[in-house]
Amino acid sequence: MAGKEYSLKAILSATDRISPVLKKVDSNIGKVGRSFSSFAKASVSLASKLALPLTALGGVGGFSLKAAIDKFTTLGDSIDKASKRAGVGVESLQKLRYAAGLGGMSADQMDQALSKLTDNMGKAARGENKNLAAIFKRLGISLKDSKGQIRDAADVMRNLAQAVKNNESPVVRMRILTAAFGEELSKRMIPVLEGGAQSLDDMGEQASKLGLVMDQDMVAKSAHLTDTLSTFS
């Protein structure tokens, strides 16, 4: 979710447009067939509840409820699936996607990085990735949580960010990140992580303040709405 797509100015400008649009759509729902009417009412209700994210997605060039809902459901479904693949929370995923955008990475690349990290930590815990296990031990990064489960990759990302900040040597940084993410993604991760753990936290907080982070309930509703939409396609 790069900054240029979701500027604060766009969000604030578009917010003023949504109320009359939703009211107009709501007044016309009765003209539609019964089954679709039920769906439309649910959509408008959801749109009203989630006005800020929808206006952010709709942009300032003329708000379209259908286009906004399409984008909302696509984004929410993407977040839902990516969080499950990587084994991270939906809010943490979105905050890291935002940080990725600021660092020149795409959301897909951050998703891949989280999935790769989760996979490599699992291998390290099973003794199949001794290099990563040794590097984590040297850095004081735990592979497992207090319950003996592989740690959340989003949480470990903070540890790696701090390690990158503390080790300014390009060689050392690449050694750490290649072990965690593989050679292809490691170079892309440096601009995102070089500010350290606090920088990641600050970027995540910024994303939340801009209204760019859907909570678990919102993502679940989006995924459900995607399924509902598919029945009318």
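In case you missed it, the structure is sitting above this.
Attention here is on the structure that accompanies the text. (Residues numbered from 1 in each chain as written. Predicted model: local features only at pLDDT ≥ 70, side-chain atom pairs only at ≥ 80, totals over all residues. Heavy atoms only, no water.)

## Quick word on the overall build of the chain
Counting its secondary structure elements, the chain contains 12 helices and zero strands. In the chain, the succession of helices and strands from N to C terminus is α-α-α-α-α-α-α-α-α-α-α-α. In the chain, which comprises 233 residues, the proportion classed as buried is 44%. Within the chain, contacts between residues at least 6 apart in sequence are counted, and of these 66% link residues at least 24 apart. (Helix = DSSP H or I, 4+ residues; strand = E, 2+ residues; numbered from the N terminus. Buried < 20%, exposed > 50% of the residue type's maximum accessible area, 1.4 Å probe, protein only. Contact = heavy atoms within 4.5 Å.)

## Topic: the side chain of Asp111
You can see Asp111 is positioned in helix H6 (residues 107-125). Those residues in contact with Asp111 that lie beyond four places of it in its chain are Ala82, Leu93 and Arg97.

## Observations concerning the environment of Glu205
Looking at the element boundaries, Glu205 is found in helix H11 (residues 197-209). Using a relative accessible area of 42% as the deciding quantity, one classes Glu205 as partly exposed.

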